[in-house]
Amino acid sequence: MDSSSNSALQTYDKHVGLKFQLYNSLFTSLPFHRVEKTGVLLSIFLLHCEEGFEKELSPNEIISTFFGQYTPYRTEQEQIDLLFRFVQYAERQVVLFDALEDASFRETHDMAGAGTLKHLQAEVEQTQTQAQLKEKLQDFSVRLVLTAHPTQFYPSEVLGIINDLSKALLNDNTTQVNSYLRQLGKTPFFKNEKPSPYDEAVSLIWYLENVFYQAAGQIMAYLKSQFPQAVSDKNPLIRLGFWPGGDRDGNPFVTAAITLQVAESLRGAIIKSYYRDVRRLKRRLTFKGVLNELLVLEQKLYNNLFLPGYKADITKDDVLVPLQKIRETLIREHNSLFLHHAENLIRKVELFGLYFASLDVRQDSSAHTEALEAIAASTDALPKNYAELSPSEKISALLNANATVSPEALENELHRDILASMQAIKTIQEINGPYGSHRYIISHSTSALDVMEVYGLFLLSGWQPEELSVDIVPLFETIDDLKNAHEVMQALYRSDEYRQHLHRRGNIQSIMLGFSDGTKDGGYLMSNWSIYKAKEELTRLAHQYDLQVVFFDGRGGPPARGGGSTHQFYASMGPKIASKEIQLTIQGQTISSNFGTIDSAQYNMEQLMHAGIRNALFTAQETTLSAEEEQVMQRLAEESYVAYNTLKNNPNFLEYLNYASPLRYYAEANIGSRPSKRKPGKLNLNDLRAVPYVGSWSQLKQNLPGYFGVGSALEKLEADGQWEAIAQLYGRSLFFRTLLGNCEMAMTKCFFPLTAFLANHPQYGELWNIIYQEFERTKQYVLRLTGNTHLMADKPVNLHSIQMRQRIEMPLLTIQQFALTKIREMEEQEAVTPDKSKFEKLVMRCSFGIINAERNSA
């Protein structure tokens, strides 16, 4: 380990490791039933688990021997009670650890180091690339789209405590820390009811107001001060998107009324943020010619917030123009005193307008087809035989339809909502501005018809072609869809009507690519390589038609869903891939773990901005793959695909996951408004959501989607004499190194001794051994490539964080597997007892702590 890594590790230990040990002792005063004994026993239980797994005991045996050796509890009820107390205690240990990491972010991360804007400033000055920077910033932006995919297990009340606890820890205020830990002890972590889509939206708006608003403002203020000529007032460099209340794919609870309600809340939240800032400005800008302007603006914002009759009586210019006047007056008459305060607010208004975040609408392509068939059957807007027409005839019928169909003309609620949601977009644009809602995303896009059906539905819902200010965004997810994306987009670009629509939208086509379902469908290497190649082909195609393409990446938290070192992925994109904008989803847990505080949000946004800008300014050799290197990557992807498909097609594959993991309890955990399957009925991989799929492997501590097939592919190519080519690829390609680095993270979070008792299972033993052997094979090859003795050796601080979290979650993992074993025994004996529900509750409660401890597990 080099000296800088050693220093970083010591800093982390001082601010997180040591403080965790110190403050953890405060838990003994928490208001739990017999809490002192719980804390002592949990420490003993942790050691007992570690020793037990070393001796190859099963979770059942570990818990049984623990009760026999260390407690007087002999009845099942007493034992279950203690296990629940352990879970309660561990849940709060995780909160303390999260709060400590949040509080120490500035100490454990170099806020001026590699990948930050201060680092970019030094690079630009050193290379004299100010002109290239100005050109890049004319139309570059980073768009972070917040989604409510159910990976966030903390209720909003607990998130508030974490926020306050972090501040108290930062100031070493032991009295306050103690109070917040006591509050934590009395605050329930469990949700008795599923949140509504509106509840989810309110939870995420908290982050917009308290984190993103401040962090984005600070970034823009810095950029404007350092590169005044390069930053354009016309181009917001940071854009925020929003899915809760707009994403109705597979979620019947999202309606047009909810969409409008969320848009109104977003508008209210940004006006409230401006109002607070204006009130703060008023305390500084007490000068003649300035204060009166501020008072008028304050009153206008107040009226909009609190007086019903004024709700839509304000525009972006109503806020911006007075602030610009104030700015000019400060420069002209007051020696620019406190000018930076006024300019900071101006930057925020330019970024967020009156919409705060653009509300995307998403629906599955099959729902649009059904709606159009229903319109054809119940109205005269389309031919009665629409369902029997060929794709080209359908497109022709849609383009020739000139009627407006009322949602009420349709019987089915889902079909009505599609038309109503398209009408809602128009209403939102009128009130929140054109960016309030301007994208319609189509899941499972497989043909040009899927896109043209949405275009036709917009016309049928009342939009005129020349006024359709909405970007229609196809989403390609499966390996086959990614391969066919070029053909689909070419057919669209050849359509005169669609090209006219694109021309009205600035000749820009947005395309969404799904990492989550791609990995579920084709495995880790194949999905990432397929997306990389699809981006290259779609970039080339757009250039042929004089269009700009913008890629929107659907990423989750863990490597298996496109997460991990996300900024390194963007830094590794070569010059053949369009990088006009960086757009990605920030899902569930990733919001709180990577963007939960102003410091962490600013740092991670800067990392993404730096990756996108640096690619345009300095083309690095390690981002360009030669033809030979592409062939090696293609072979690796193909071989890993074969290995993953063989496993996936095993008739016991999904049943094994359902048997050994808490998969079936995801829907009952009340963490999200969306069902865990797209369609009711028998469990199958296509309908299973990526979140419960990846999350279940994570709680099983097998993390299969993050590495399976990688070892087999490396082994096969080595057998074919390709090892030297692989080693050269690893040395030269940042993309390949990033892929394997994220693979290391997924494997570091594995713990096979937890489920080793399944190795000899009559039905599932073979599968367990196949997965374990692939894990060992992949680990061996990755270590050979990196030249390290253990995984994540180049990221010692991240590794230490994972190891500390694993010790906190070890009791939870053991208890969860014990409870699952008990449930299986009861089901096999067909014994329905009241105890079964207790064990099921234990499984779900453990899920909360495990997922939160992992931070990017689903």
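Quick note: structure is the one above.
### Some words on the overall build of the protein
Link 1 in the chain: The helix and strand tally for the protein stands at 34 helices and nine strands.
Link 2 in the chain: Taking the principal axes of the C-alpha coordinates as reference, the protein spans close to 75 × 70 × 60 Å.
Link 3 in the chain: Within the span of the protein, comprising 858 residues, buried residues form 61% of the whole.
Link 4 in the chain: Within the protein, contacts between residues separated by at least 24 positions form 80% of all contacts whose residues are at least 6 apart in sequence.
Link 5 in the chain: Of the roughly 33,100 Å² that the protein leaves accessible, carbon and sulfur atoms contribute 49%.
Link 6 in the chain: In the protein, which carries 86 positive and 100 negative side-chain charges, the distance between the mean positions of the two groups comes to 6 Å.

### Here's the deal with the pairing of strand β5 (residues 439-443)
A regular strand places its side chains so that they alternate between the two faces of the sheet.
Link 1 in the chain: When you tally the buried positions in β5, you get five out of five residues, the bulk of the element.
Link 2 in the chain: By the alternation rule, side chains of β5 split into Arg-439, Ile-441 and Ser-443 and Tyr-440 and Ile-442, which are all buried.
Link 3 in the chain: Relative to β5, strand β4 (residues 361-364) runs parallel, the two sharing four bridges. Bridge pairing in β5 links Val-361 to Tyr-440.

### A word on the side chain of Asp-360
Link 1 in the chain: On the secondary structure map, Asp-360 appears in the loop between β3 (358-359) and β4.
Link 2 in the chain: In terms of polar contacts, Asp-360 uses its side chain to reach the side chain of Trp-243, at 3.1 Å.
Link 3 in the chain: When residues no more than four places from it in sequence are discounted, the contact partners of Asp-360 are Val-145, Phe-242, Trp-243, Gly-246, Asp-247, Arg-439, Ile-441 and Phe-552.

### Structural notes on the pairing of strand β1 (residues 141-147)
Link 1 in the chain: Where burial is concerned, most of β1 is hidden: seven out of the seven residues are buried.
Link 2 in the chain: Of the two faces of β1, both are covered, the one formed by Ser-141, Arg-143, Val-145 and Thr-147 as well as the one formed by Val-142, Leu-144 and Leu-146.
Link 3 in the chain: Here β1 pairs with strand β9 (residues 581-587) via seven bridges, running parallel. Looking at the pairing, Thr-147 lines up with Gln-587 of β9.

### Observations concerning a nonpolar patch on the surface
Link 1 in the chain: Taken together, the side chains of Tyr-302, Phe-306 and Leu-307 define a hydrophobic patch exposed on the protein surface, amounting to about 270 Å² of accessible area.
Link 2 in the chain: Judged by its relative accessible area of 33%, Leu-307 falls in the partly exposed class.

### Points about the packing of aromatic side chains
What describes a pair of aromatic rings is the distance from one ring centre to the other and the angle between the planes of the rings.
Link 1 in the chain: Using the criterion set out here, one finds 40 aromatic pairs in the structure.
Link 2 in the chain: When the centroid spacing of 4.8 Å and the interplanar angle of 50 degrees are considered together, the rings of Tyr-302 and Phe-306 count as tilted. Residue Tyr-302 and its partner Phe-306 are both found in helix α12 (residues 291-306); the two are separated by four residues, about one turn of the helix.
Link 3 in the chain: Residue Phe-306 is classed as partly exposed on the basis of its relative accessible area of 48%.
Link 4 in the chain: Residues Trp-529 and Tyr-532 carry aromatic rings whose centres are separated by 5.2 Å and whose planes lie at 15 degrees to one another, so their mutual orientation is stacked.

### Considering the pattern of salt bridges
Link 1 in the chain: According to the stated counting rule, one finds 49 salt bridges in the structure shown.
Link 2 in the chain: What you see here is one network of salt bridges that share partners, running through Lys-224, Asp-233, Arg-347 and Glu-350.

### Here's the deal with the environment of Pro-195
Link 1 in the chain: Here Pro-195 is to be found in the loop between α9 (174-186) and α10 (197-226).
Link 2 in the chain: We classify Pro-195 as buried; its relative accessible area is 13%.

Cut-offs applied
Residues numbered from 1 in each chain as written. Predicted model: local features only at pLDDT ≥ 70, side-chain atom pairs only at ≥ 80, totals over all residues. Heavy atoms only, no water. Helix = DSSP H or I, 4+ residues; strand = E, 2+ residues; numbered from the N terminus. Buried < 20%, exposed > 50% of the residue type's maximum accessible area, 1.4 Å probe, protein only. Contact = heavy atoms within 4.5 Å. Areas by Shrake-Rupley, 256 points an atom, 1.4 Å probe, with all protein chains shown as cover. Lys, Arg positive; Asp, Glu negative; His and termini not counted. Charge placed at Lys NZ, Arg CZ, Asp CG, Glu CD. Pairing = 2+ DSSP bridges. Polar contact = N/O pair within 3.5 Å; in protein donor to acceptor, adjacent residues only side chain to side chain. Patch = residues over 30% accessible without salt bridge, like charges linked within 9 Å, V, L, I, M, F, W, Y side chains within 5 Å. Salt bridge = Lys/Arg side-chain N within 4 Å of Asp/Glu carboxyl O. Phe/Tyr/Trp six-rings, centres within 6.5 Å; stacked < 30°, edge-to-face > 60°.

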